[in-house]
Amino acid sequence: MSDKNSREHWGSKIGFILAAAGSAIGLGNIWKFPYLAGENGGGAFVVLYLICIVVLGLPVMIAEIVIGRHTGRDPVGAFKQIGGGRWKLVGYLGVASGFFIMTYYSVVGGWTIGYIVKSAGGFIGSMTDIRAAEETFTRFIQNPFETVFYLFLFMAITVFIVMRGIKDGIEKWNKFLLPLLFIILIVLIIRSLTLEGASAGLAFYLKPDFSKVDVKTVIEAMGQCFFSLSLGMGAMITYGSYLNKEDKILSSSLQIVTLDTFAAILSGLAIFPALFAVGMTPDKGPGLTFNILPVVFSKMSYGSVFAVLFFILLFIAALTSSISLVEVVVAFITDEKGWSRRKAVLVFGSLIFLLGIPSALSFSTLKDVRIFFGTTYFDFMDRLTTIYMLPIGGLFIALCLGWKYGLKNAIHELDADTRLAALKKMWAFSIRYISPLILVAIILYFGVYRMLFPH
Ligand code: TRP
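Described below are features of the structure shown in this document. (Residues numbered from 1 in each chain as written. Predicted model: local features only at pLDDT ≥ 70, side-chain atom pairs only at ≥ 80, totals over all residues. Heavy atoms only, no water.)

Things to note about the overall build of the protein chain
Scanning the protein chain for helices and strands turns up 18 helices and zero strands. For 455 residues, the compact-globule formula gives about 23 Å, and the C-alpha radius of gyration of the protein chain, at 21 Å, lands near that figure. Considering only C-alpha atoms, the protein chain reaches an extent of 60 × 50 × 45 Å along its principal axes. The 455 residues of the protein chain split such that 59% are buried. Sequence separation of 24 or more characterises 83% of the internal contacts of the protein chain that already satisfy a separation of 6 or more. Of the roughly 18,000 Å² of accessible surface on the protein chain, 67% is carried by carbon and sulfur atoms. Taken as two groups, the 38 positive and 28 negative side-chain charges of the protein chain have centres that lie 5 Å from each other. (Helix = DSSP H or I, 4+ residues; strand = E, 2+ residues; numbered from the N terminus. Rg over C-alpha atoms; globule rule 2.2 N^0.38 Å. Buried < 20%, exposed > 50% of the residue type's maximum accessible area, 1.4 Å probe, protein only. Contact = heavy atoms within 4.5 Å. Areas by Shrake-Rupley, 256 points an atom, 1.4 Å probe, with all protein chains shown as cover. Lys, Arg positive; Asp, Glu negative; His and termini not counted. Charge placed at Lys NZ, Arg CZ, Asp CG, Glu CD.)

Listed below in structure tokens is the structure:
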């Protein structure tokens, strides 16, 4: 077991904030949020989302960072320390979630590299209609060699960065990649908004329509907020465990959450105006990014350049999230089992690559292999983690802090500033009562109701 004092720390507060925001800003922000907003009342959904952040996202974010910094340990070690006994299972659940998410997230990460390469090679020129774009995408994900190769490349890059450690690896790269992500996003927004006919997309995306908001949309927004902030598996516990004692948790959390929300809202501003300007209609999920956007780019001047930029954006979003997912596993192995970082990253990076292969092949060789309730390996991993493991993990994180460990102790870990007393009380109330209730609602809705009655 490694000595607690020999653990690394972030070089600066901004380094921590950017790394945590890098974890949060991921594929979820760029393809899921804009679509959800567009379909669920536009501006009304955005308002709803902001409320979710205040009542669920921010409190759980603060809770995870408090647990991390207070214990200075990986999720398993942290729950051993603050909960003891069976509570350490919450840590194991988190580490397992990180590992499982990686086995499909890295496949999509590989696709983004593939599309950067293809866009740079000028394939956008022949994507003039949706059929051509769909065929190209299907042919790509059905190619076992190409997808496994890009999966390997994506994992190799992730491993390379995580191996260098906290300050010289994760922090350094996030400090470079995250500003780049925002610059690309802004360039794309300017291009998108200056296209003729862009305003129709803006109206679709942001025109508030409160009639579309009901209980389901509220839970949908809650779920998206939770996933988007990388909560429920100890990613923020792990990053928080490298935080210096002087850094303020409340203000850091607020900044991380703000960056994540900005990235989500801005992605929609880049996507929808361009989409409507060329007369396309929105579609959800991978379809939007990989099938529709290539057609949009084919209709713009310098479309290939913007396509390359867009897929680099998607790649950065996936990479900085993957880095944090792998770091959760690595922190556990180095802290609890005493392995060197190098060995842990190499062994578990390779394992993720190997278990990622069936995900990559879920669209080709293993297309007809059903794992569970008719889902492919890729879909199974996705649903298992996002619908069950993360919300359940989040529920137990809140319960452990709120009921077992006690909030008096936790509050000490927040700012000493007494002017914030009321805020801290509100946080404590949310962690004890509100967050657990919302998480139970999320689990029942997505995990039970929607599984039994899919629509
Ligand atoms: N937040 C990421 C996204 O928006 C996905 C994600 C969920 C994640 N849980 C995580 C990333 C934990 C890192 C760690 O795409």
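Considering the pattern of salt bridges
Taken as a whole and assessed by the stated rule, the structure comprises 10 salt bridges. Between Asp-335 and Arg-7 there is a salt bridge whose closest N-O contact spans 2.9 Å. Here Arg-7 lies in the segment before helix 1 (13-24) and Asp-335 lies in helix 14 (residues 303-337), a separation of 328 residues in the sequence. Its relative accessible area of 9% is what places Asp-335 among the buried residues. What makes Arg-7 buried here is its relative accessible area of 11%. (Salt bridge = Lys/Arg side-chain N within 4 Å of Asp/Glu carboxyl O.)

Things to note about unusual backbone geometry
Backbone geometry at Ser-230 places phi at a positive 60 degrees, although glycine is not the residue there. Among the secondary structure elements, Ser-230 is positioned in the loop between helix 10 (215-228) and helix 11 (235-240). Within the chain, Tyr-302 stands out as a residue other than glycine whose phi angle is a positive 55 degrees. Tracing the backbone through its elements, the reader meets Tyr-302 in the loop between helix 13 (286-298) and helix 14. In this structure Tyr-302 comes out as exposed when scored by relative accessible area, which is 68%.

What to know about the site of the ligand
Among the 16 residues in the neighbourhood of the ligand, the closest are listed as Ala-24, Leu-27, Gly-28, Tyr-105 and Phe-227. Separating an oxygen atom of the ligand from a backbone N or O atom of Leu-27 is a distance of 3.0 Å. Asn-29 places a side-chain nitrogen or oxygen 3.1 Å from an oxygen atom of the ligand. Expressed as a share of its isolated accessible area of 360 Å², the protein-covered part of the ligand is 100%. Elements with a contribution of two residues or more to the shell around the ligand: helix 1, helix 2 (27-39), helix 10 and helix 14. Here the shell around the ligand is built from residues that sort into eight nonpolar, eight polar and no charged. (Near = heavy atom within 4 Å. Polar contact = N/O pair within 3.5 Å; in protein donor to acceptor, adjacent residues only side chain to side chain. Nonpolar A, V, L, I, M, F, W, Y, C, P; charged D, E, K, R; others polar.)

A look at the state of the cysteines
Applying the stated criterion across every chain, the model contains zero disulfides. Cys-225 provides the cysteine sulfur closest to Cys-52, a residue in no disulfide bond, and the two sulfurs are 5.6 Å apart. Judged by its relative accessible area of 1%, Cys-52 is buried. (Disulfide = S-S within 2.5 Å.)

Regarding the environment of Tyr-239
Topologically, Tyr-239 is positioned in helix 11. Overall, the relative accessible area of 1% leaves Tyr-239 in the buried class. Expressed as a C-alpha distance, the spacing of Tyr-239 and Val-54, which sit 185 residues apart in the sequence, is 21 Å. Contact partners of Tyr-239, with chain neighbours within four places excluded, come to Trp-10, Phe-16, Ala-19, Ala-20, Ser-23, Ile-170, Ile-323, Ser-324 and Glu-327.

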